[in-house]
Amino acid sequence: MSDEPAERACWCGHPGLEAYSDDYRVCRACGTLVSRAAPVADLYSREYWTQRQTEHHGLPDIRERARLDLPERCTRWLRHLLGLRLPPARILEVGCAHGAYVALLRWAGFDAVGTELSPWVARFAEETFGVRVLAGQIEDQDFKEESFDVIVLNDVIEHLPDPLRTLGHCSRLLARGGFFVVQTPEYVEHLSYADLRRSNDLFLKHMDRNNEEHLYLFSRRSAGIFFSRLGFPSLEFASPVYSYDMFFSASREPLKPADGPSAVAAVSRSPKGRLVQALLDKAFESEDRAWAIKRLEASVRTPS
């Protein structure tokens, strides 16, 4: 009996996948990398967040991530969201992990709730940030149709065994004018696996050998095809926190952006909101300073 993993079709249904690496195939029809690994039941348990993150990925565990993500990734996500939708609005974060972003959204004036597969992780989020997090798959939650204005999936879609089914369900939970906000690793179609290896591209970290976590790695083209199939053809890409990701909104119609003063006024209506605005201001100041340092270093290295 062969030990070779069984080949799977792409989420788009195209069966004719081509070789990309030992562990991934590529769908030329839509532009998605498809993992050859089978999904592992109960992978995203307590052990995933307390042991696998540190021992396998070399990342902080969930307790340290709860502290580190809040002033870095969560503030970036919130600043982007405030450019698209102001509070109050109803927000669902699917796969919210430690719950820091759900908490930040609530402090900013949004009506936010999260979901997590693991009951232990859901309890951790509730105990750490005092937020409502429901355990289990999103399809099993008792949400009515059109319950939310925004559904957030940060580092989630690449893990889903059947992303069309899961996000198809999510699409019915969005109210008229509602939209998705998505962060996921970006597969750059013109780069071969050899190209990635030659440059030691950071994207390789998402392609661990026998990677049973990242089942689908999307390109910008495949993300467009995917959300168009769901009825959300308008994608607006923004700068991701990390260069190997892509970050975008997907809506039925182009979104009308909110202006900065309106966002500040909306967030600053409450004492907690004013603390959030101060955190956003400080994060922006730190980010702006970092970019200024990079520009200065570049000008020093480049002869005039």
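Please refer to the structure higher up on the page.
Residues numbered from 1 in each chain as written. Predicted model: local features only at pLDDT ≥ 70, side-chain atom pairs only at ≥ 80, totals over all residues. Heavy atoms only, no water.

Asker: Looking at this structure, I do not really get helix α5 (residues 163–173). What am I missing?
Answerer: Turn by turn, an α-helix covers 3.6 residues, leaving residues three or four places apart pointing in a common direction. Of all the eleven residues making up α5, eight are buried; the element is thus mostly covered by neighbouring parts of the structure. For α5, the full list of buried residues reads Pro-163, Thr-166, Leu-167, Gly-168, His-169, Cys-170, Ser-171 and Leu-173. Tucked inside the fold, the buried residues of α5 contact β4 (90–94), β7 (148–154), β8 (174–185), β9 (216–218) and α7 (220–230). (Buried < 20%, exposed > 50% of the residue type's maximum accessible area, 1.4 Å probe, protein only. Helix = DSSP H or I, 4+ residues; strand = E, 2+ residues; numbered from the N terminus. Contact = heavy atoms within 4.5 Å.)

Asker: Mind showing me how you'd approach helix α2 (residues 62–82) here?
Answerer: Across its 21 residues, α2 extends only 26 Å between first and last C-alpha, which sits more than 12% below the 30 Å expected from 1.5 Å per residue. Asp-69 marks the point of greatest bend in α2, at about 60°, and the proline Pro-71 comes within the next four residues. Where α2 begins, the capping side chain belongs to Asp-61, and its oxygen is found 3.1 Å from the backbone nitrogen of Arg-63. (Expected span 1.5 Å × (residues − 1). Bend = angle between axes of the 7 residues up to and from the residue. Polar contact = N/O pair within 3.5 Å; in protein donor to acceptor, adjacent residues only side chain to side chain.)

Asker: I would appreciate a short explanation of the packing of aromatic side chains in the present structure.
Answerer: Centre-to-centre distance and the angle between the planes together describe a pair of aromatic rings. Within this structure, the stated rule accounts for 16 aromatic pairs. Look at Trp-11 and Phe-226: their rings are 5.0 Å apart centre to centre, the planes differ by 75°, and that puts the pair in the edge-to-face class. Placement of the pair is Trp-11 in the segment before β1 (18–19) and Phe-226 in helix α7, with a sequence separation of 215 residues. Considering the side-chain rings of Tyr-48 and Trp-49, the 5.2 Å spacing of their centres and the 85° angle between planes classify their relative orientation as edge-to-face. Judged by relative accessible area, which is 6%, Tyr-48 ranks as buried. Residue classification places Trp-49 among the buried positions, given a relative accessible area of 10%. (Phe/Tyr/Trp six-rings, centres within 6.5 Å; stacked < 30°, edge-to-face > 60°.)

Asker: Please explain the environment of Leu-173 as it appears in this structure.
Answerer: In this structure, Leu-173 sits in helix α5. In this structure, the C-alpha to C-alpha distance between Leu-173 and Phe-143, residues 30 residues apart in sequence, is 7.2 Å. Once residues lying within four places of it in the same chain are set aside, the contact partners of Leu-173 are Leu-92, Ile-138, Phe-143, Lys-144, Glu-145, Glu-146, Ser-147, Phe-148 and Ile-151.

Asker: How do you make sense of the pairing of β4 when you look at a structure like this?
Answerer: On a regular strand, one side chain projects to one face of the sheet and the next to the other, so that they alternate. Across the five residues of β4, four count as buried, placing the element largely inside the fold. Alignment of β4 against strand β5 (residues 111–116), held across five bridges, turns out to be parallel. Bridge assignment links Val-94 to a residue of β5, and that residue is Thr-115. The parallel pair β4 and β5 is bridged by helix α3 (residues 100–107), and the resulting crossover is right-handed. (Pairing = 2+ DSSP bridges. Right-handed = clockwise from strand over helix to strand, strands pointing away.)

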